[in-house]
Amino acid sequence: MTPPENQNIIEERKELIKEVLEAYPDKAKKKREKHLSVYEEGKSDCGVKSNIKSLPGVMTARGCAYAGSKGVVWGPIKDMIHISHGPVGCGYWSWSGRRNYYIGTTGIDTFGTMHFTSDFQERDIVFGGDKKLVKLIQELDVLFPLNRGVSIQSECPIGLIGDDIEAVARKTSKEIGKPVVPVRCEGFRGVSQSLGHHIANDMVRDWVFTRSDQAKKDGTLKFEGTPYDVAIIGDYNIGGDAWASRILLEEIGLRVVAQWSGDGTINEMLMTPNVKMNLIHCYRSMNYISRHMEEAYGIPCTKYDLMYRDTKI
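All figures in this text were calculated on a predicted structure; none of them were measured in a lab. (Residues numbered from 1 in each chain as written. Predicted model: local features only at pLDDT ≥ 70, side-chain atom pairs only at ≥ 80, totals over all residues. Heavy atoms only, no water.)

### Points about the sheet that holds strand 6 (residues 255-261)
Adjacent strands of a sheet pair through backbone hydrogen bonds, lying either parallel or antiparallel.
For step 1, the next point in the chain: Taking strand neighbours across the sheet as the criterion, the 4 strands line up as 6-5-7-8 in an open arrangement whose pairing is parallel. The sheet is open, and its two edges are formed by strand 6 and strand 8 (301-303), each paired on a single side. With direction set aside, neighbouring strand axes in the sheet form an average angle of 25°.
For step 2, the next point in the chain: Both strand 5 (residues 229-235) and strand 7 (residues 277-280) contribute to a ladder of 4 bridges, which runs parallel. Each residue of the ladder has a partner; that of V230, found in strand 7, is M277. (Pairing = 2+ DSSP bridges. Helix = DSSP H or I, 4+ residues; strand = E, 2+ residues; numbered from the N terminus. Axes fitted to C-alpha atoms, helices over the stretch in contact; angles between N-to-C directions.)

### Let's talk about the state of the cysteines
For step 1, the next point in the chain: Under the criterion given, the structure shown has 0 disulfides.
For step 2, the next point in the chain: Residue C64 stays outside any disulfide, its sulfur separated by 6.2 Å from that of C156, the closest cysteine. (Disulfide = S-S within 2.5 Å.)

### Things to note about the packing of aromatic side chains
For step 1, the next point in the chain: A complete count under the given rule lists 5 aromatic pairs for this structure.
For step 2, the next point in the chain: For the pair F116 and F144, a centre-to-centre distance of 5.7 Å together with 85° between the ring planes defines the contact as edge-to-face. You can see F116 sitting in strand 2 (residues 116-117) and its partner F144 sitting in the loop between helix 6 (130-143) and strand 3 (150-154), a full 28 residues away along the chain.
For step 3, the next point in the chain: F144 gets classed as buried once you look at its relative accessible area, which sits at 14%.
For step 4, the next point in the chain: A ring pair is formed by F209 and W260, whose centres lie 6.4 Å apart and whose planes are at 85°; its orientation type is edge-to-face. (Phe/Tyr/Trp six-rings, centres within 6.5 Å; stacked < 30°, edge-to-face > 60°. Buried < 20%, exposed > 50% of the residue type's maximum accessible area, 1.4 Å probe, protein only.)

### With respect to the pairing of strand 1 (residues 81-85)
For step 1, the next point in the chain: Counting buried positions along strand 1 gives 5 out of 5 residues, so the element sits mostly inside the fold.
For step 2, the next point in the chain: The side-chain alternation of strand 1 yields two buried faces, one formed by I81, I83 and H85 and the other by H82 and S84.
For step 3, the next point in the chain: Where strand 1 meets strand 2, 2 bridges bridge the pair, whose relative direction is parallel. Following the sheet pairing, S84 is matched in strand 2 by T117.

### Considering the confidence of the model for the protein
Parts of the prediction with low pLDDT should not have their coordinates interpreted in detail.
For step 1, the next point in the chain: Here the protein shows a mean pLDDT of 88. Residues at 70 or above account for 89%.
For step 2, the next point in the chain: The model gives residues 308-313 a pLDDT under 50, and that stretch makes 10 contacts with residues more than four places away or in other chains. (pLDDT = per-residue confidence, 0-100. Contact = heavy atoms within 4.5 Å.)

### Examining the pairing of strand 6
For step 1, the next point in the chain: Extensive coverage of strand 6 is indicated by the burial of 6 of its 7 residues.
For step 2, the next point in the chain: Summarising the sheet, strand 5 and strand 6 pair through 6 bridges and their orientation is parallel. Among the inter-strand pairings, I232 is bridged to a residue of strand 6, identified as Q259.
For step 3, the next point in the chain: In this fold, the crossover linking strand 5 to strand 6 by way of helix 10 (residues 241-251) has right-handed handedness. (Right-handed = clockwise from strand over helix to strand, strands pointing away.)

### What to know about the environment of A258
For step 1, the next point in the chain: Inspection of the secondary structure puts A258 in strand 6.
For step 2, the next point in the chain: We classify A258 as buried; its relative accessible area is 0%.
For step 3, the next point in the chain: In sequence terms A258 and V230 are 28 residues apart; their C-alpha atoms lie 7.4 Å from each other.
For step 4, the next point in the chain: Residue contacts for A258: discarding those within four places in its chain leaves V230, A231, I232, E268 and T272.

### Some thoughts on the sheet that holds strand 2
For step 1, the next point in the chain: The strand order across the open sheet formed by 4 strands is 2-1-3-4, and the pairing between neighbours is parallel. Two strands bound the open sheet, and with one partner strand each, they are strand 2 and strand 4 (180-183).
For step 2, the next point in the chain: As judged from the 4 bridges shared by strand 3 and strand 4, these two strands associate in the parallel manner. Across the sheet, the residue bridging to S151 is V181, located in strand 4.
For step 3, the next point in the chain: Against the sheet, helix 3 (residues 65-74) touches strand 1, strand 3 and strand 4, its axis set at about 155° to strand 3.
For step 4, the next point in the chain: Taken strand by strand, helix 8 (residues 165-176) contacts strand 1, strand 3 and strand 4, and its axis lies near 170° from that of strand 4.

### Here's the deal with the nonpolar core
For step 1, the next point in the chain: Core analysis: the biggest nonpolar cluster contains 34 residues, and W74, V204, V208, W260, M269 and I289 have the highest contact counts within it.
For step 2, the next point in the chain: Those elements that provide at least two residues to this core are helix 3, strand 4, helix 9 (194-218), strand 5, strand 6, helix 11 (266-271) and helix 12 (283-297).
For step 3, the next point in the chain: In terms of residue count, helix 9 provides more of this core than any other element does, 7 residues in total.
For step 4, the next point in the chain: Residue assignment places this core across two domains, with domain 1 (65-217) and domain 2 (223-303) each supplying three or more.
For step 5, the next point in the chain: Not counting the four nearest positions on each side in its chain, V208 is found in contact with W74, V181, M203, I266, M269 and L270. (Core = buried A, V, L, I, M, F, W, Y, C linked by side-chain atoms within 4.5 Å. Domains from an automatic or database assignment.)

### Topic: the pattern of salt bridges
For step 1, the next point in the chain: Evaluated as defined, the whole model comprises 14 salt bridges.
For step 2, the next point in the chain: With a shortest N-O distance of 3.0 Å, E22 and K29 are connected by a salt bridge.
For step 3, the next point in the chain: A salt bridge links D202 to R205, with the shortest nitrogen-to-oxygen separation between them at 3.4 Å. Taken as a pair, D202 and R205 lie in helix 9 at a separation of 3 residues, close to a single helical turn.
For step 4, the next point in the chain: Salt bridges here are not isolated pairs; linked through shared partners, they connect E166, R184, E186 and R189. (Salt bridge = Lys/Arg side-chain N within 4 Å of Asp/Glu carboxyl O.)

Pasting the structure below:
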């Protein structure tokens, strides 16, 4: 039996939830109330519904397409500036909440834990944010001259109002002389991170590898290969695991040309089409680009896990 004092607390919390829900429109309220409840002693659970689709635009710790692109694939590339194009509310993922360790001086030559956003306001929703985005990229290149490129990670409103981030990317890339990659990873495109991974991979294919191909054609790609060149794909160096993998691989005689995206660089991504094999750690997030490299460049790939007791390559 629940003691009287605890019953009072339960009732107070129920009233608090009721007050919070009153702030929502009826449709959103109906969906949101499934996620809020109070635990009562003696009951099997608190009644909260889980493992259902996230509601775009509602604050949640779960992922979306934007989180899959910005928070997983692109964000850990340390020497690029990754702009969250849209309202500041998506800062949960903008600020890099995962332990993607990297070597460098933050704000000088590495930018992974910094938060860059176009901070959309109502005016930007009405009139568009293209000009604001151009100005932002120009200013960032002045403030952080050692950056090696920019990615534009679009949030939900961008797909709704139709900002032409591709045109902005082409324009500003010519101005600053560095890669600017537009990523249409609006959260509503997918209610899990998975589609964001796919979109991010496609942008590597279309905006990074094409640059590498052109440099190779022009003879400006500086790369001297060996028979033992490999790339670590889909390792985000969470807690430093990519560092450990790289040490072991190099000790057995392989040359790790690139690791991405944990502690990775845009130059390493540009070099990757020249390796002899791709070693995939997280297959779900990077299988798309690995399959493309196998088809376009003839680079085989294999999934690998390096364990403390059982090492498999």
